[in-house]
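Here's the letter readout for the chains.
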Number of protein chains: 2
Amino acid sequence: MTAYGDLITSEREMQALAQVAGRLGWDQETMMPRGAADQRSEESGAMQAVLHARRTEARRGDLLAAAEAEETDAVAVAQLRHIRRDFDRAARVPADLAVALARLTCRAQGQWAEARAADDYAAFAPVLAEVVRLKREEAAAVSQDGDLYDALIDDFEPGMTAAKLDTLFAEMRPRLVDLRARALDRDWPEIDAHFHTDPQLRLARELARNFGYDFTRGRLDLAVHPFSSGSGDDVRITTRVSETDPFNCLYSTVHEVGHACYEQGIDPAFRLTPLGQGVSMGVHESQSRLYENQLGRSRAFTGWLYHRMRATFGDFGVRDAETFHRAVNRVHPGHIRTEADEVQYNLHIMLRFDLEKALIAGDLDTGDLEAAWNDRFAADFGYNVNRASNGVLQDVHWSVGLFGYFPTYALGNVYAGCLYRAMRGAVPDLEVNLSRGDPKGATAWLQSRVQQHGGRYEPSDLIARACGGATPTAGPLLDYLEEKFATL
Amino acid sequence: MTAYGDLITSEREMQALAQVAGRLGWDQETMMPRGAADQRSEESGAMQAVLHARRTEARRGDLLAAAEAEETDAVAVAQLRHIRRDFDRAARVPADLAVALARLTCRAQGQWAEARAADDYAAFAPVLAEVVRLKREEAAAVSQDGDLYDALIDDFEPGMTAAKLDTLFAEMRPRLVDLRARALDRDWPEIDAHFHTDPQLRLARELARNFGYDFTRGRLDLAVHPFSSGSGDDVRITTRVSETDPFNCLYSTVHEVGHACYEQGIDPAFRLTPLGQGVSMGVHESQSRLYENQLGRSRAFTGWLYHRMRATFGDFGVRDAETFHRAVNRVHPGHIRTEADEVQYNLHIMLRFDLEKALIAGDLDTGDLEAAWNDRFAADFGYNVNRASNGVLQDVHWSVGLFGYFPTYALGNVYAGCLYRAMRGAVPDLEVNLSRGDPKGATAWLQSRVQQHGGRYEPSDLIARACGGATPTAGPLLDYLEEKFATL
């Protein structure tokens, strides 16, 4: 047995434990009885302690060093790159801090859900302050002398920095603001009808299947916040239902299906190894956003969906497929990121990016966060936040310690723009099939160009390879948005 | 900090991990997508490896020895007794074997479910042979020079042996056989109606609540085999539904509620410590069987249930409460243990006890098990097994390595007999309240006499204390059965 072989055997066990810990998170948001929260916090803490101990144990470092010294093939080099990054990062975070963070965020998530239901940011602020404090400690440990926030971004998007994102967002903002002004000037159709929960969920399942989600290796449940969880053969998604807004359920499902298909589509040879997960959150979001928007909200696909929804819900007051397409893509004032149209979505992200950057830099106190959010929102969107659940409490992320995660949504849109441009040149009959409700040509292209590779290539390299070599930029996304929304 | 304090801190983490592993088992039978079975096998194996490493680590042994040398109170003595038993047992089982067993039984359970659905014992026999082989290895490691089967029983019922059970069963068998002959001679009413799934499940939830199950710290789901899982604040139960036999769902729910109330009723001070679980399977079964039979199938309670079922399902062809009571307690030929009446139930256990004793002794080959089962069944019951799912494949236990578990069901009945005798003398208005559908007086008595103590006292000692000092015997159970079934 080589050191590399021993190392991978041990990594498989660790990945298996990480899957168990992930499923515990899924359970917490879908199945857990509410009285179990305190006990669950101890359970999650114990799992994180085990994982942290495994990630940092001396034997892992020794095996890794020995494996790096062996002659290895390209896949092994990629595996070792991931293990090295993970080991070095984990070794810098004290075990006590890792356990404290796991316990705290478990508790903070519960308090966030309660505060959100009560529209009471003040009830959430103290625990969020604790989360920020520990995340700063963690970032300081990881970054050594570098930037705290960059250290956190790197967790989700290796190689990305706040400076690069500043540049990217500065390029995107004026074209998006300009496009929004033109779009908001027009009238958009609104749907005013009632859509029962059960048929919505049945249709969501149908869409999930059509987009390639394999229910024999996954399941769909309800949760407060839609998410995808797990890798390999057990990849579960959640959705939520509003009986007045069916797109909430349907498009959040298609979005999570994008994430889930990425995980389900990875080469089975990588299962339960470091290469067996999506390579970054940005690439992950590129899949989910492309499924949701470039495919799911296309004129071709919405033409099919319109007739499918008529068959499901009867007449819901939309007279034709063209009007339906405009309703699906309605550019409208609104507070909620997950309900934002494609034009304004990235502006929501930029707001969060700047606020969390300031929180982690220590330039913004959690006690002032709600006011800062509300001021910034009014400045960026031109109207006020009316309640905390429509503002600072709308997203789960910060409660569970996800700082540096939000910008990957915008990055995912940028990657999706590049992939969609390449896909349109490569997939025959794309529009024709979408107009029949069949996105399989597109999803198969993504599976072969992106998904199957798992963690094999670095994010930006992966997208460049998939698109024929060009380094990803915001151009294709902005061109696509302008082309779509200029005429809509 | 004392050694005892350090030890308990470490035990809490281990108990938390054991809860996570247990919930993984619950997930496997209720939520897991079927394509995830292989991956789950690796995940379960990894969790078992972690738990086994924790149970056997040298530091645990050192802390334990140091804690045993300290001055401690009675609760600490009980904690240390559990830890010592667990440490010594775990230390004897090689880590490889523990992992192999976890992985194998995970796979075997899936194969059992498939074989059972296909009525094909031959498809299950090879993997069962592997399970038996590894359980024998495990028993040999644990027992050192002692009896293999006794070593396995001790896992579920500390202090119990096959010899004691032989004596107990020899005492019980003639009185049960005699009672059965007299009961089968009479005509029993049968219910021939259709009962929809949803109202059955609603009524099952109502019964669960009435019997004291706390849904804020638990949940009820469907599974192939009803079970209860977890301790403390997250205790989940499952049931199954037959639309022609409502008692399958209702009484399996009340049964599992007995288990779950035991776990939910333990002193919260013991949560996530060795004393924070039911002390033995026998005591566990005493709770579930007492809830199900002595309470749930009493004349008083079935009188209430009859009217509740009429309100739920309309006229289902049973003319009065007396007939309903006889239908609930119908003594009838049948193959299935979980559907057996109180008279014959223990005869089903004796069959399994003798067969598994022979399997573990090496006197019976798994290749011959189906024939042995069928021969023994014909001898004990007077008619033949018609298919494997009504015979050797009906129970999940052996597939998951539970050898030595079945006799604890009969032992639970014996304990339940003792507890019920004591309860009748102690709980005022027991019958009156049961006739109003309210078993809370009885369950509160059990909570204070048995459940709250968790692992505090040894099984036989616990029952004796609860019953005012008498060592448990089969007498009260047999007297109760004869009194009930002689006149029914």
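What you see is a predicted model; the values in this text were computed from it and never measured.

The next point concerns the overall build of chain A. A tally of helices and strands in chain A yields 20 helices and three strands. The C-alpha radius of gyration of chain A comes to 22 Å, within 12% of the 23 Å expected for a compact globule of 488 residues. Projected onto its principal axes, the C-alpha coordinates of chain A cover approximately 65 × 50 × 45 Å. Out of the 488 residues in chain A, the part that is buried amounts to 61%. Here chain A has roughly 18000 Å² of accessible surface; of this, 49% comes from carbon and sulfur atoms.

Let us now look at the pattern of salt bridges. Applying the stated criterion to the full structure yields 94 salt bridges over all chains. Among the salt bridges present, the one from Glu-458 of chain A reaches Arg-81 of chain A, with a minimum N-O distance of 3.2 Å. On the criterion of sequence distance, the pair formed by Glu-458 of chain A in the loop between α18 (440–449) and α19 (459–466) and Arg-81 of chain A in helix α4 (residues 74–92) is long-range, its members being 377 residues apart. Glu-458 of chain A gets classed as partly exposed once you look at its relative accessible area, which sits at 26%. On the basis of relative accessibility, which here comes to 27%, the residue Arg-81 of chain A falls in the partly exposed class. In this structure, the salt-bridge partner of Glu-292 of chain B is Arg-289 of chain B, at a minimum N-O distance of 3.5 Å. Separated by three residues within a single helix, Glu-292 of chain B and Arg-289 of chain B lie in helix α11 (residues 281–295), roughly one turn from each other. Under the relative-accessibility criterion, Glu-292 of chain B is labelled buried at 6%. Exposure remark for Arg-289 of chain B: the relative accessible area of 3% places this residue in the buried category. Through salt bridges with shared partners, a single network forms among Arg-23, Asp-234 and Arg-236 of chain A together with Asp-27, Arg-40 and Glu-43 of chain B.

Let us now look at the relation of the copies chain A and chain B. For the pair chain A and chain B, the superposition axis carries a translation of 0.0 Å, the fit reaches an RMSD of 0.0 Å, and the rotation angle comes to 180°. The relationship between the two copies is best expressed as a two-fold rotation axis. Looking at chain A, 100% of its interface residues are interface residues in chain B too, so the copies touch through the same face.

With that out of the way, let us pick up the interface of chain A and chain B. Tallying the contact residues gives 38 residues for chain A and 38 residues for chain B. Carbon and sulfur atoms supply 57% of the area buried between chain A and chain B, which totals about 3000 Å² over both sides. Counting the contacts that link chain A with chain B gives 16 residue pairs in polar contact (both at pLDDT 80 or more). Mapped onto the side of chain A that touches chain B, the elements with two or more residues apiece are α1 (3–30) and α2 (37–56) of chain A. For the side of chain A that touches chain B, the element with the highest residue contribution is α1 of chain A, accounting for 11 residues. Grouping the amino acids of the side of chain A that touches chain B by side-chain chemistry returns 15 nonpolar, eight polar and 15 charged.

Turning our eyes to something else, we now look at the sheet that holds strand β3 (residues 236–239) of chain A. Across a sheet, strands are paired by hydrogen bonds formed along the backbone, either parallel or antiparallel in direction. Residues and elements named next belong to chain A. Strand order in the open sheet formed by three strands is β1-β3-β2, with mixed pairing between adjacent strands. The open sheet has two free edges, formed respectively by β1 (220–222) and β2 (228–229), since each of these has just one partner strand. Looking at chain direction, β1 and β3 are connected through three bridges and run parallel. From the neighbouring strand, Leu-220 faces β3, where its bridge partner is Ile-237. Packing of helix α10 (residues 246–264) onto the sheet brings it into contact with β2 and β3, and relative to β3 it is tilted by some 160°.

All names here are of chain B. By the alternation rule, side chains of strand β3 (residues 236–239) split into Arg-236 and Thr-238 and Ile-237 and Thr-239, which are all buried. Judged from the two bridges that link them, strand β2 (residues 228–229) and β3 form a sheet pairing that is antiparallel. Residue Ser-228 lies in a different strand from β3, and its bridge partner there is Ile-237. The turn linking β2 back onto β3 is made up of six residues, and Gly-230 within it adopts a positive phi angle of 100°.

Here the phi dihedral of Asp-429 of chain A falls at roughly 55°; this positive angle occurs in a residue that is not glycine. Take Asp-429 of chain A: it is sitting in the loop between α16 (406–426) and α17 (430–434). For Asp-429 of chain A, a relative accessible area of 53% gives the class exposed. Of note in this structure, Leu-272 of chain B is not a glycine but carries a positive phi near 55°. Tracing the backbone shows Leu-272 of chain B in the loop between α10 (246–264) and α11. Under the relative-accessibility criterion, Leu-272 of chain B is labelled buried at 6%.

A separate point is the side chain of Thr-443 of chain B. Positionally, Thr-443 of chain B belongs in helix α18 (residues 440–449). With near-sequence residues (within four places) excluded, Thr-443 of chain B lies in contact with Phe-211, Tyr-291 and Gln-451 of chain B.

What follows concerns the confidence of the model for chain A. Confidence along chain A averages 96 in pLDDT terms, with 100% of residues attaining 70 or more. The ipTM assigned to the predicted complex is 0.89, against a pTM of 0.90.

Another aspect to go through is the environment of Arg-85 of chain B. Residue and element names in this part refer to chain B. With respect to the helices and strands, the residue Arg-85 is situated in helix α4 (residues 74–92). In the structure, Arg-85 is positioned 335 residues away from Tyr-420 in sequence and 30 Å away in space, judged by C-alpha atoms. Contacts of Arg-85, omitting those with residues within four sequence positions, involve Pro-158 and Glu-458.

Our next topic: the packing of aromatic side chains. Tallied over the entire structure, the rule returns 50 aromatic pairs over all chains. For the pair Phe-381 of chain A and Tyr-383 of chain A, a centre-to-centre distance of 6.4 Å together with 70° between the ring planes defines the contact as edge-to-face. By relative accessible area, Tyr-383 of chain A is classed as partly exposed at 23%. Ring plane angle 80° and centroid distance 4.9 Å describe the contact between Tyr-213 of chain B and Phe-215 of chain B, whose orientation is recorded as edge-to-face. Here Tyr-213 of chain B and Phe-215 of chain B have matching classes, each one buried. Its end group placed over the ring of Phe-406 of chain A, Arg-352 of chain A keeps NZ or CZ at 5.5 Å from the ring centre. Directly above the ring of Tyr-409 of chain B sits Arg-337 of chain B, whose terminal nitrogen or CZ lies 4.6 Å from the centroid.

Let us now look at the sheet that holds strand β1 (residues 220–222) of chain B. The sheet built from three strands is open, its strands ordered β1-β3-β2 (chain B) with mixed pairing. Of all strands in the sheet, those with a lone pairing partner are β1 and β2 of chain B, marking the two edges.

What follows is about α4 of chain B. In an α-helix, one turn spans 3.6 residues; hence positions three or four apart end up facing the same way. Residues and elements named next belong to chain B. Between its first and last C-alpha, α4 extends 28 Å over 19 residues, near the 27 Å set by a 1.5 Å rise per residue. Along α4, the positions that sit buried rather than exposed are Ala-76, Ala-78, Gln-79, Leu-80, His-82, Ile-83, Phe-87, Arg-89 and Ala-90. Elements in contact with the buried residues of α4: α1 (3–30), α2 (37–56), α3 (58–69), α6 (121–143) and α7 (148–156). For α4, the N-terminal capping position is held by Asp-73, with its side-chain oxygen 3.3 Å away from the main-chain nitrogen of Val-75.

Let us look at the state of the cysteines. All chains considered together, the criterion is met by zero disulfides over all chains. With no disulfide of its own, Cys-249 of chain A lies 16 Å from the sulfur of Cys-261 of chain A, the closest cysteine sulfur.

Let's shift gears to the packing of helix α6 (residues 121–143) of chain A against helix α7 (residues 148–156) of chain A. Residue and element names in this part refer to chain A. At a minimum axis distance of 8 Å, the contact between α6 and α7 shows a crossing angle of 85°. Classified by the angle their axes make, α6 and α7 are roughly perpendicular. Each of Lys-135, Arg-136, Glu-138, Ala-139, Ala-140, Val-142 and Ser-143 in α6 lies in contact with α7, whose residues at this interface are Leu-148, Ala-151 and Leu-152.

Right, let's get into empty space enclosed by the protein. What the rule picks out here adds up to 11 cavities of 30 Å³ or more. Volume-wise, the largest cavity comes out at about 90 Å³. Taken together, Val-20, Arg-23, Leu-24, Trp-26 and Asp-27 of chain A together with Val-20, Arg-23, Leu-24 and Asp-27 of chain B make up the lining of the largest cavity. Looking at the lining of the largest cavity, the elements with two or more residues in it are α1 of chain A together with α1 of chain B. Looking at which element gives the most residues to the lining of the largest cavity, the answer is α1 of chain A, with five residues. Class assignment for the residues of the lining of the largest cavity results in five nonpolar, no polar and four charged.

Scoring rules and cut-offs
- Each chain carries its own residue numbering, running from 1 in the written order of its sequence.
- All chains are assigned letters beginning at A, and all ligands numbers beginning at 1, according to the order in which they are written.
- Selection of residues for local features in this predicted model requires a pLDDT of at least 70, selection of side-chain atom pairs for listing and counting requires 80 or more, and totals for whole chains, interfaces and linings are taken over all residues.
- Computation of side-chain values: all heavy atoms of the structure, hydrogens and water removed.
- Counting from the N terminus, the helices are the DSSP runs of H or I reaching at least four residues and the strands are the DSSP runs of E reaching at least two.
- We compute the radius of gyration from the C-alpha atoms alone; for a globule the expected value is 2.2 Å times N to the 0.38, where N is the number of residues.
- Summary of the burial criterion: residues with accessible area below 20% of their type's maximum are buried, those above 50% are exposed, and those between are partly exposed, where the area comes from a 1.4 Å probe applied to protein chains only.
- To measure how exposed things are, a 1.4 Å probe is used in the Shrake-Rupley method; for residues, cover is taken only from the protein chains shown.
- Definition used for salt bridges: Asp or Glu carboxyl oxygen within 4 Å of a side-chain nitrogen of Lys or Arg.
- C-alpha atoms of residues with pLDDT of at least 70 in both copies form the basis for the least-squares superposition of the copies.
- Only heavy atoms matter for contacts: two residues are in contact if any of them lie within 4.5 Å across the pair.
- Buried area adds together the accessible area that both of two parts lose upon being put together, with accessible area traced by a 1.4 Å probe.
- The definition of a polar contact used here is a pair of N or O atoms within 3.5 Å, where within protein one atom must be able to donate a hydrogen and the other to accept one, and adjacent residues in sequence count solely through side-chain atom pairs.
- Residue classes follow a fixed rule: Ala, Val, Leu, Ile, Met, Phe, Trp, Tyr, Cys and Pro count as nonpolar, while Asp, Glu, Lys and Arg count as charged, and any other residue, Gly among them, counts as polar.
- Two strands qualify as a pair provided that DSSP identifies no fewer than 2 bridges between them.
- Axis lines are fitted through C-alpha atoms, for helices just across the contact stretch, and the angle between N-to-C directions can take any value from 0 to 180 degrees.
- Within a predicted model, pLDDT stands for the predictor's per-residue confidence, ranging from 0 to 100.
- Centre distance within 6.5 Å is the pairing criterion for rings of Phe, Tyr and Trp, where only the six-membered ring of Trp is used; planes under 30 degrees apart are then read as stacked, over 60 as edge-to-face, and the remainder as tilted.
- The rule for a charge over a ring is simple: NZ of Lys or CZ of Arg within 6 Å of the ring centre, and within 35 degrees of the ring normal.
- For a helix, the expected span equals 1.5 Å multiplied by the number of residues minus one.
- Counting rule for disulfides: a pair of cysteine sulfur atoms within 2.5 Å.
- If an angle is under 35 degrees, it is roughly parallel; if it is over 145, roughly antiparallel; if it lies from 65 to 115, roughly perpendicular; otherwise it is oblique.
- Here a cavity denotes a set of grid points, spaced 1 Å apart and computed over the protein atoms alone, in which a 1.4 Å probe fits but from which it cannot get out, and a pocket denotes an open set meeting protein on both sides within 12 Å along at least five of seven lines; residues with an atom within 4 Å of a point are reported as lining.
- Grid points are joined across faces, edges and corners, and a volume is the space filled by probe spheres set on the points.

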